[in-house]
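A look at the structure
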Amino acid sequence: MAVSKVGDPMRLLTRASVIAAGRRSRWVVIAVWLALAMLAVPLQAKLSERAADESETFLVRGSESAAVKRIIDERFRRGSETAAVIAYFRESGITADDGRRADTDALALCRSGAIPNLTMVATPYQRACGETDPLDMSSGGSLLTSPDDTVILSTVLMTDDSTPNVEQAVAAIREVVPPATGDKSGLRAFVTGRAGFEADRQAALGGINGTLLAVTVAVLLLLLLVTYRSPLVALVPLAVVALAYLVTSGLAYGLVAAGLTEVSGQTTSILVVLMFGAGTDYCLLIVARFRDELRRTRDAEEAMVAAAQRTAPAILSAGAIVAGTMMVLALADFNATREMGPILALGVAIMVCAGLTLLPAVLIALGRRAFWPAVPRLEPESAAAVTFWGRVAGLVHARPGVIAAAVTAVLAAGALAGIGARPALDFSESFREAPDSVRGQQVIRDHFIPGRSAPLRIVVAAEVGGKVQSALTEGTHTPVADMHAVARSVGADGDSPGAEAQGERSSAKDLLIFDADLRMDPFSEQSTDTVPALREVAERAAGGQTVLIGGTVAENYDARQALGRDTRLIVPVSLALILVVLAVLLRAVVMPLYVIATVILSFGFALGVGSLIFTHLLGQPASDPNLPIYAFIFLVALGVDYNVFLLSRISERRRQHETRRAVTEALERTGGVITSAGLVLAATFATLMVIPMEALFQIGFVVTLGLLADTFLVRALLVPALATMLGERNWWPFKQTATPG
């Protein structure tokens, strides 16, 4: 079979698949991919190690809170200190023995050497270790003992806030203090604070990539076995994707090591899902076409060349849409979103390469044996029987207007159900089951000033430090209950900052750090909403001098603002990119426009129905702030991605028939494989729901729901109905003339 004409750039790209299927080259291709995967295995482990440190993942590029962290790291001797707060709780009241236990635990932690970069351990009664505090420690009891005498707090400070070291420190603390369930005397201890929160979040995600991989492979293997009834052809796509994933991990580590991008555990988790979901679908398209061609010819090599030539343009276009959309994420200011872009785009690109080279090489090496025991046999065209998808295509052909109206009404009704803002998840709602740190924060909230476990961090010019402190603590409209100068260290030159400063001074003695506690839960949406007012009060008091507010609460506010800005930028850029790729592929404008509109409609449906289910069935009305943008990116990119498979088949049949008949034949011939692909992808994203984090559960649920709606309503009914209704107008403004054949 001849290879593509030289004048068609898209078809020229199929040469790679044709070459990979050659008698000798197939073995070279397989050997090269195996070698690359073996070289990447140790790099994959290193990528996981780099991804474990998420200390800056949820910061915002160029934000005030990020600037605070950077200034503290660069200009203060101690750098960014991370606190673990130990809340000792006895419902009947803390006893003298409990106080002695807190002191004993503090001394044990100081002497253990198990906490990296430890700077201080303090209880309400003593400083077990750490430099002398310029502040009078006699006030410590009032600051660290609850008014009802049921809770006392100990503080463990460390200068290294990298995630692995924080996890190690919290684990060491929990080995020493009483358990959260209580010791024999009934004394309970909760390890909370920023360090506790981070450690519990990592524990919830611990080993999640392995879990995701195992669940994903099991689900995909089951679906492939049901679809093809062949163990070999079920295993081949998974093996191809696994090799591509290893190669991607190795290359991604190279990008991270070179400083070109960053990586987090969230990114590596989604990479697993995206590559195994989308990659398996790309493989399915080639496998299904190869099986069809084997029914038309005895020559397996000829069948593979034909399959590759007819599927490569669709796979390349689909991959370009997904990779391009992922790269748009690099425009985001929110670090967690931005760093996903290059790595996910790389994964899709590598997967497309593997699908167009490694898969054909393996399939042609196996030949018809790949489908054992359901080996495809030669069948004349006339032998085709009426199938389920043939009946669906006939129904769409007969009543396109009714079907289009009915499906649109269902999707629109679901989308309208989501009208109205949902509150953002606070930290206590971030876990499917509350861990130690959340329960500890609840104890502090109930018995102390709630903000004690996550104070604001304020960097201010030394000469106006007192004014800013007074403005924030004495202002009638500010929610600050206590502005205490931590004064946890002195300047780099060893001089005490002095009583008038009451805070840690920078090495140049021009800046001070203060901590401020809020009167409300620092992880609540209400607390986040106070940040703009606090910054306004502080700036007015500083009179033009430097004053910056950071810390967890401010970081949450800056992240929320950044997500809004990122959405307003990423959404239109993504849609424009997808429109261009579809217009080039289909050589039309009308069809790409309504295809994008239908996928946006299914996105709205998923978000709206998901909101109803979360609120009224699952009892979780709050929403993760990342949900809309992540759901949009995956649903629109992947929804259009799999519409490409149907549209390219319509365009192919259009060369022989008028549009209405081309749509009917395309739906009849591709309905099964495209629906299987949609189910595979939906099942893959559903695996995110095994993660005990509410944010990833919600993303997995909404994306899965949207993909199912797109599979069974949009691709199977709505798009074919609209294409049938519009007929030849689909191809405007380019005139395409059918060539009867």
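Definitions and cut-offs
Residues numbered from 1 in each chain as written. Predicted model: local features only at pLDDT ≥ 70, side-chain atom pairs only at ≥ 80, totals over all residues. Heavy atoms only, no water. Helix = DSSP H or I, 4+ residues; strand = E, 2+ residues; numbered from the N terminus. Contact = heavy atoms within 4.5 Å. Areas by Shrake-Rupley, 256 points an atom, 1.4 Å probe, with all protein chains shown as cover. pLDDT = per-residue confidence, 0-100. Buried < 20%, exposed > 50% of the residue type's maximum accessible area, 1.4 Å probe, protein only. Pairing = 2+ DSSP bridges. Disulfide = S-S within 2.5 Å. Phe/Tyr/Trp six-rings, centres within 6.5 Å; stacked < 30°, edge-to-face > 60°. Salt bridge = Lys/Arg side-chain N within 4 Å of Asp/Glu carboxyl O. Axes fitted to C-alpha atoms, helices over the stretch in contact; angles between N-to-C directions. Patch = residues over 30% accessible without salt bridge, like charges linked within 9 Å, V, L, I, M, F, W, Y side chains within 5 Å.

For the chain, the count of helices and strands is 25 helices and ten strands. Taking contacts inside the chain between residues at least 6 apart in sequence as the whole, the part at least 24 apart equals 81%. Accessible surface computed for the chain: about 28,700 Å², of which carbon and sulfur atoms make up 60%.

Quick look at the confidence of the model for the chain now. Here the chain shows a mean pLDDT of 83. Residues at 70 or above account for 89%. Counting contacts from residues 484–502, a segment whose pLDDT is below 50, to residues more than four positions away or on other chains yields 46 contacts.

Among the six residues in strand β6 (residues 456–461), six count as buried, and that is most of the element. Both faces of β6 are covered, namely the face carrying Leu456, Ile458 and Val460 and the face carrying Arg457, Val459 and Ala461. Across four bridges, the pairing between β6 and strand β10 (residues 547–550) is antiparallel. Counted as the bridge partner of isoleucine 458 is isoleucine 549 from β10.

All right, on to the state of the cysteines then. Within this structure, the stated rule accounts for one disulfide. Each disulfide pairs two cysteine sulfurs, and for cysteine 110 the partner residue is cysteine 129, the sulfurs being separated by 2.0 Å. Of note, the bridge from cysteine 110 to cysteine 129 carries an S-S torsion of about -80° and is left-handed in sense. Taken as a pair, cysteine 110 in helix α5 (residues 96–112) and cysteine 129 in strand β3 (residues 127–130) lie far apart in primary sequence, 19 residues in all.

By the definition in use, this model includes ten aromatic pairs. Taking the centre distance of 5.3 Å and the plane angle of 80° together, the rings of phenylalanine 388 and tryptophan 389 count as edge-to-face. Look at tryptophan 389 and you get buried, because its relative accessible area is 15%. Measuring from centroid to centroid gives 5.3 Å for phenylalanine 634 and phenylalanine 685, while their planes differ by 55°, and the two rings are tilted. Pair noted here: phenylalanine 634 is in helix α23 (residues 627–654) and phenylalanine 685 is in helix α24 (residues 659–686), with a separation of 51 residues, a long-range link. Members of the aromatic cluster, connected to one another through ring pairs, are Phe614, Phe697 and Phe701.

Scanning the model with the defined rule gives 30 salt bridges in all. Note that aspartate 521 and arginine 445 form a salt bridge whose closest N and O atoms lie 3.5 Å from each other. Remark: arginine 445 occurs in helix α17 (residues 436–447) and aspartate 521 occurs in the loop between β9 (511–518) and α19 (525–529); sequence separation between them is 76 residues. The class of aspartate 521 is buried, set by a relative accessible area of 10%. Via salt bridges that share partners, Arg289, Glu293, Arg296 and Arg310 belong to a single interconnected network.

Let's shift gears to the sheet that holds β3. The strand order β3-β2-β4-β1-β5 describes an open sheet built from five strands, whose pairing is antiparallel. Two strands bound the open sheet, and with one partner strand each, they are β3 and β5 (188–192). Averaged over all neighbouring strand pairs, the angle between strand axes comes to 15°, with direction disregarded. Relative to strand β4 (residues 151–158), strand β1 (residues 82–89) runs antiparallel, the two sharing eight bridges. By the bridge assignment for β4, alanine 83 is matched with leucine 157. On the sheet, helix α8 (residues 193–205) packs against β1 and β5 and is oriented at approximately 95° with respect to β1.

Checked against the element boundaries, serine 317 lands in helix α12 (residues 300–328). Judged by relative accessible area, serine 317 falls into the buried class, the value being 3%. In sequence terms serine 317 and leucine 585 are 268 residues apart; their C-alpha atoms lie 7.0 Å from each other.

Further remarks concern a nonpolar patch on the surface. Judged by side-chain polarity, Val28, Val32, Leu36 and Leu39 come together as a nonpolar surface patch covering roughly 370 Å² of accessible area. As for its placement among the helices and strands, valine 28 is situated in helix α3 (residues 25–51).

Take unusual backbone geometry next. The step from tryptophan 372 to proline 373 runs through a cis peptide bond, and the omega angle for that step is 5°. By the secondary structure assignment, proline 373 is in the loop between α14 (340–366) and α15 (388–398). Along the chain, tryptophan 732 connects to proline 733 via a cis peptide bond; the corresponding omega equals 5°. Inspection of the secondary structure assignment puts proline 733 in the segment after α25 (694–726). A positive phi angle is found at aspartate 149, which is not glycine, with a value near 60°. Within the fold, aspartate 149 resides in the loop between α6 (140–144) and β4. Although it is not a glycine, arginine 587 sits at a positive phi angle of roughly 55°. Within the element layout of this structure, arginine 587 appears in the loop between α21 (552–586) and α22 (590–617).

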